[in-house]
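# Topology and contacts: notes
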Amino acid sequence: MKKFLLLIAAIPLFISAQEKYTINGYIKDASNGEALIGATVLIKELNTGNITNVYGFYSVTIPPGDYTVEFRYIGFVTQSRAVSLTENTRIDIELSEEQTQLEEVVVTAKPEDENVTSTEMSVAELDIQVVRKMPAILGEVDIIKSLQLLPGVTSVGEGSSGFNVRGGNVGQNLVLLDEAPVYNSSHMLGFFSVFNPDAVKDMKLYKGGIPAQFGGRLASILDIRMKEGNNKKTEFNGGIGTIFSRFSVEAPIKKEKSSFIIAGRRSYADILARPFVEELRNGAALNFYDLTAKTNFQFSDRDQLFLSGYFGQDNFKFDADQGFNWGNRTSTVRWNHLFNDRLFSNFTFFFSDYEYELAFGDNPRDKFKWNSDINTLALKPSFTYFIDQKNEFTFGGEIFSYTFEPAQATGISDGEAINLSLPNRKAIETALYVNNEQRISDDFSLQYGLRFSYFNLIGAGNKFILGDTIPGRRRPVEDVIEVPKGESIAKHHGWEPRLSLKYQLNRTTSVKASYNRMLQYIHLISNTTASNPLDVWTPSSNNLKPQIGQQWAIGLFKNLKNNQYETSVELYYRKTEQQVEYINGADLLINEALEADLLTGDGRAYGLELYVKKLTGRLNGWVSYTLGRTELQATGINKGEWYPTRYDQTHNLKLTGFYEINDRWSLSSTFSYLSGTPTTFPTHRYEVQGITIPHNSDDSRNNVRLPDYHRLDFSAIRKGRTVRKDGTPRKNRDELVFTVYNIYNRANPFSIYFWQGADRVNVGERADTRATQVSIFASFIPSITYNFKF
């Protein structure tokens, strides 16, 4: 450990020995004091600079001299400062929004050429103001659904929780809210996300080229940052929609030093329908609610504290005694400290919990109740050393404490209670990482890092010794070893190298490549068509090894017509080892020997992503297309041959457009086309005494595809007047959002199942069997939402 710390301390000495001085500070929005993430600081004479981090902080170290420093952020007025640099200098800047003309409307908040000049690749970002304009189901803005309009991101269909990235499953995405993991990112079985758009400031999805500070999942990292709250004045935001409403308040606690935001949502479809539906009057429920809160305190120029939290709950009850519910809870404490002009630090402590409950049986003598839970406590110190204008060095560590509660279950049969509970499991995960972003020359830059992670499943608990069997069958339990409290059941560790590079061909064109290796020690256990709230998280053990993922990507990035258009082409290849699969008929729920029903195999995903985006003008938007393949190979499944995953989609085309008619009316539309996803159908059937028995004679998996998916949505926004009839400006802002989802009534298939008629079959006659397609939405859905701000 001492050698590791000495190496970290010595790196800056090797890289930079010349006398230099530092310009640093924070860049914020002048209207509300919010930090501006990704704002550009440019030293004009050197044609170099930096961008602000997620806290709005920047640092540039350069030789002494006279310079012109520009501070830029798209949509804001650029500011310039003349600096005679003879010592370290602190410059805090507040930028004001531009008064944009219709012809200058933009659909991004990042620097206009960042996609070409940045070392980052395989990153998806959407400005929250753009997300608000998109058509959405029932008119409610959804962050997760909006990301699915970008290359490489999709889902298995309407009503499915989570999302899939470059062939990864839902459990291979790490979703972070102010650095705390969110284990289920969906409300109402996947129709809405848990993130309130009124409380979100920034979101960034890493599909590849993942920096070393992130780990724990194979496919992607979705990093969502909450707003700090307006530290200038009190502000109210909200909306009244078709099925739920939202309201938020943000205000200064101490002007320009401390602020807060509280945002809440509640659905009320069941309340509105209660007078007309008897079940709802007898205790049935279908609703969700969530509360998001954050506050911050600036104690000095070098210290700032952030406190944030989220609480959400879904209720789906058939009556007063039966149904299920689930919910997330997170809380985060972060302390920013500036040790000196170049060394920025952040210390994060968070708690995250996901819990669900299932109950059925309305007879007190015959009923069942089951609770499951996963909670996480973590400490994450991180440091960024701004060495000079060519090197930004990041290092830090993480320690996680997991508690898995697979089942607290009780069954009552004929009045006799049966305890079906399973013991809790505990695990510790730690990691250390280093990362450096380095500009070798004006044309060539790279980001390289290394992460070491360690996982320990600890007692008290049972260690199952499994025997061998025929591939694809349940493995027998040969022995059970009781491990005392605090002792190790299984240990795993591994190195995770990361590399991204960029070569600038000319001012508007660059070539990029990346590689990352990731380890995932906890696993989402689900063999349903789509992820659902009752899926189980389980840790790696002596039988279940950590999943290992590697990804290679290369891309060409080019801007056209003075950065009015962004274009990119990316090729990727993902290789996965020890990916979890399931035997046929796997028993996944309330099964202490769950590992006996699991298989591990190899996965591969490869594809091409095309992206064209128009950034400016009254008509703007983007086209996204992904050509991909995702396959698995596991001994005992599909005769050991490669087969497509349930979320494999060959073609994924998305069109998104916005049109500003005038300063009050705007239109938007999205079109989606996706190849049908694979599913497993029987290949033969047997009839025994009039009963049809389906049979898969060749043991194939995902042997057919559902019909293709396509849908067109439309939205129109009418903004309220900004000026009264007497010419005085209105302080309040409001708008009406009209949305039509699934305009041409497409009945997109979610699944297809087979069934037999209930009538008795006469001897010699064939049974009446049918295939039935399940569609979540088979008609268009109009909606209207009223949004306000004052």
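Criteria and cut-off values
- Residues numbered from 1 in each chain as written.
- Predicted model: local features only at pLDDT ≥ 70, side-chain atom pairs only at ≥ 80, totals over all residues.
- Heavy atoms only, no water.
- Helix = DSSP H or I, 4+ residues; strand = E, 2+ residues; numbered from the N terminus.
- Rg over C-alpha atoms; globule rule 2.2 N^0.38 Å.
- Contact = heavy atoms within 4.5 Å.
- Areas by Shrake-Rupley, 256 points an atom, 1.4 Å probe, with all protein chains shown as cover.
- Lys, Arg positive; Asp, Glu negative; His and termini not counted.
- Charge placed at Lys NZ, Arg CZ, Asp CG, Glu CD.
- Phe/Tyr/Trp six-rings, centres within 6.5 Å; stacked < 30°, edge-to-face > 60°.
- Buried < 20%, exposed > 50% of the residue type's maximum accessible area, 1.4 Å probe, protein only.
- Core = buried A, V, L, I, M, F, W, Y, C linked by side-chain atoms within 4.5 Å.
- Polar contact = N/O pair within 3.5 Å; in protein donor to acceptor, adjacent residues only side chain to side chain.
- Salt bridge = Lys/Arg side-chain N within 4 Å of Asp/Glu carboxyl O.
- Pairing = 2+ DSSP bridges.
- Patch = residues over 30% accessible without salt bridge, like charges linked within 9 Å, V, L, I, M, F, W, Y side chains within 5 Å.
- Axes fitted to C-alpha atoms, helices over the stretch in contact; angles between N-to-C directions.
- pLDDT = per-residue confidence, 0-100.

It is worth spelling out the overall build of the chain at this point. For the chain, the helix and strand inventory stands at six helices and 51 strands. Its C-alpha radius of gyration of 28 Å places the chain within 12% of the 28 Å reference for a compact globule of 790 residues. Seen through its C-alpha atoms, the chain measures out along the principal axes to roughly 95 × 70 × 50 Å. Counted over contacts in the chain with a minimum sequence separation of 6, partners at least 24 positions apart contribute 66%. With an accessible surface of roughly 34200 Å², the chain has 56% of that area assigned to carbon and sulfur atoms. Looking at charge distribution, the chain has the averaged site of its 86 positive side-chain charges lying 4 Å from that of its 90 negative ones.

With that out of the way, let us pick up the packing of aromatic side chains. Within this structure, the stated rule accounts for 43 aromatic pairs. Relative to F788, the ring of F247 lies with its centre 6.4 Å away and its plane at 40 degrees, an arrangement referred to as tilted. Of this pair, F247 sits in strand β19 (residues 244-254) while F788 sits in strand β51 (residues 781-789), placing them 541 residues apart in sequence. Overall, F788 belongs to the buried group, its relative accessible area being 17%. Centroid distance F297 to F299: 6.3 Å. Interplanar angle 20 degrees. Geometry classified as stacked. A relative accessible area of 27% means that F297 is categorised as partly exposed. For F299, a relative accessible area of 59% puts it in the exposed group. Joined through ring pairs, the aromatic side chains of Y26, Y55, F57, F306, F344 and F386 make up one cluster.

Turning our attention to the nonpolar core. Core analysis: the largest hydrophobic core is formed by 45 residues, its most contacted members being Y402, I522, I525 and L598. Of the residues forming this core, the biggest block, five residues, is contributed by strand β26 (residues 391-413). In this structure L598 touches I525, L544, V580, E581, Y582 and L588, once residues within four positions along its chain are discounted. Of all hydrophobic cores here, the second largest spans 30 residues; its members include I144, F163, V182 and M203.

In this section: the side chain of K201. Structurally, the position occupied by K201 is in strand β16 (residues 200-206). Among the polar contacts listed, one links the side chain of K201 to the side chain of E228, at a separation of 2.8 Å. Setting aside anything within four residues of it in sequence, one finds K201 in contact with E34, A35, I37, V54, I128, R225, M226, K227 and E228.

So, about the pattern of salt bridges. Enumeration according to the criterion identifies 42 salt bridges in this entry. The partner of R246 in a salt bridge is D198, and the shortest N-O contact between them spans 2.9 Å. A residue pair is termed long-range when its members are at least 10 positions apart, and R246 in strand β19 and D198 in the loop between β15 (192-193) and β16 qualify at 48 residues. Judged by relative accessible area, R246 falls into the buried class, the value being 8%. Residue classification places D198 among the buried residues on the basis of a relative accessible area of 3%. Between E228 and K201 there is a salt bridge, with the nearest N and O atoms lying 2.8 Å from each other. Linking E228 in the loop between β17 (220-226) and β18 (235-240) with K201 in strand β16, this pair joins segments that are 27 residues apart in sequence.

In space, the five strands of this open sheet follow the order β9-β16-β17-β12-β13, with mixed pairing throughout. Taken across any chain shown, the strands that pair with only one partner, and hence form the sheet edges, are β9 (123-125) and β13 (180-181). Strand direction decides the pairing type here: β16 and β17, joined by six bridges, are antiparallel. In the strand pairing of β17, D202 is matched with R225.

With four bridges joining them, β26 and strand β27 (residues 416-419) adopt antiparallel strand pairing. By the bridge assignment, S413 is partnered in β27 with E416. Once β26 ends, the chain turns through two residues before running back antiparallel as β27, passing D414 with a positive phi of about 55 degrees.

Another aspect to go through is the pairing of strand β20 (residues 258-267). With ten bridges connecting them, β19 and β20 associate as antiparallel partners. Bridge pairing in β20 links S245 to R266. Count of turn residues in the β19/β20 antiparallel hairpin: three residues, of which E256 carries a positive phi of about 65 degrees. Sheet analysis places β20 next to strand β21 (residues 285-298), joined by nine bridges and oriented antiparallel. Bridge pairing in β21 links S259 to N296.

Within the secondary structure, Y310 is located in strand β22 (residues 303-317). Spatially, the C-alpha atom of Y310 lies 25 Å from that of K133, the residues being 177 residues apart in sequence. With near-sequence residues (within four places) excluded, Y310 lies in contact with L177, H187, V194, D290, L291, T292, N328, R329 and T330. Here the side chain of Y310 touches H187 through a polar contact of 3.5 Å, side chain to side chain.

This next bit is on the environment of G757. Structurally, G757 is set in the loop between β49 (751-756) and β50 (769-774). In this structure, the C-alpha to C-alpha distance between G757 and I691, residues 66 residues apart in sequence, is 9.7 Å.

With that settled, consider the environment of M188. Positionally, M188 belongs in the loop between β14 (186-187) and β15. Placed 27 residues apart in sequence, M188 and S161 show a C-alpha to C-alpha distance of 8.8 Å. Setting aside anything within four residues of it in sequence, one finds M188 in contact with I243, L286, F288, D314 and W326.

Its location among the elements puts Q172 in the loop between β11 (164-165) and β12 (173-177). At 3.0 Å, the side chain of Q172 forms a polar contact with the side chain of Q547.

A few words now on a positive patch on the surface. On the surface, a cluster of positive charge is made up of K233, R724, K731 and R733. Mapped onto the secondary structure, R733 falls in strand β48 (residues 733-741). Given the relative accessible area of 37%, R733 is considered partly exposed.

Glancing now at the sheet that holds strand β3 (residues 48-51). Pairing is antiparallel in the open sheet, where four strands are placed in the order β3-β2-β5-β6. For this open sheet the edge positions go to β3 and β6 (79-85), each flanked by a neighbour on one side alone. Averaged over all pairs of adjacent strands, the angle between their axes in this sheet comes to 20 degrees, without regard to strand direction. For strand β5 (residues 65-72) and β6, the ladder comprises seven bridges, and the chain directions are antiparallel. Within β6, the position partnered with V69 by the bridge is R81.

A cluster of nonpolar side chains, namely L307, V333, F349, L377, L379 and I399, defines an oily patch on the protein surface of about 460 Å² accessible area. Following the sequence through the fold, F349 ends up in strand β24 (residues 343-363). With a relative accessible area of 41%, F349 lands in the partly exposed category.

For the chain, mean pLDDT is 90; residues scoring 70 or higher make up 95% of the total. Here residues 12-17 is modelled with pLDDT under 50, and outside its nearest four sequence neighbours on either side it reaches seven contacts, counting other chains as well. Confidence drops under a pLDDT of 50 for residues 101-107, and excluding neighbours within four residues, the segment shows 25 contacts in the predicted structure.

What follows covers unusual backbone geometry. The omega torsion across G459 and A460 is 10 degrees, close enough to zero to call that bond cis. Relative to the elements of secondary structure, A460 occurs in the loop between β29 (444-458) and β30 (461-466). The backbone of E256 shows a phi angle near 65 degrees, a positive value even though the residue is not glycine. Looking at where E256 falls in the secondary structure, it is placed in the loop between β19 and β20. With a relative accessible area of 42%, E256 lands in the partly exposed category. Backbone geometry at K639 places phi at a positive 60 degrees, although glycine is not the residue there. Within the element layout of this structure, K639 appears in the loop between β39 (619-633) and β40 (643-644).

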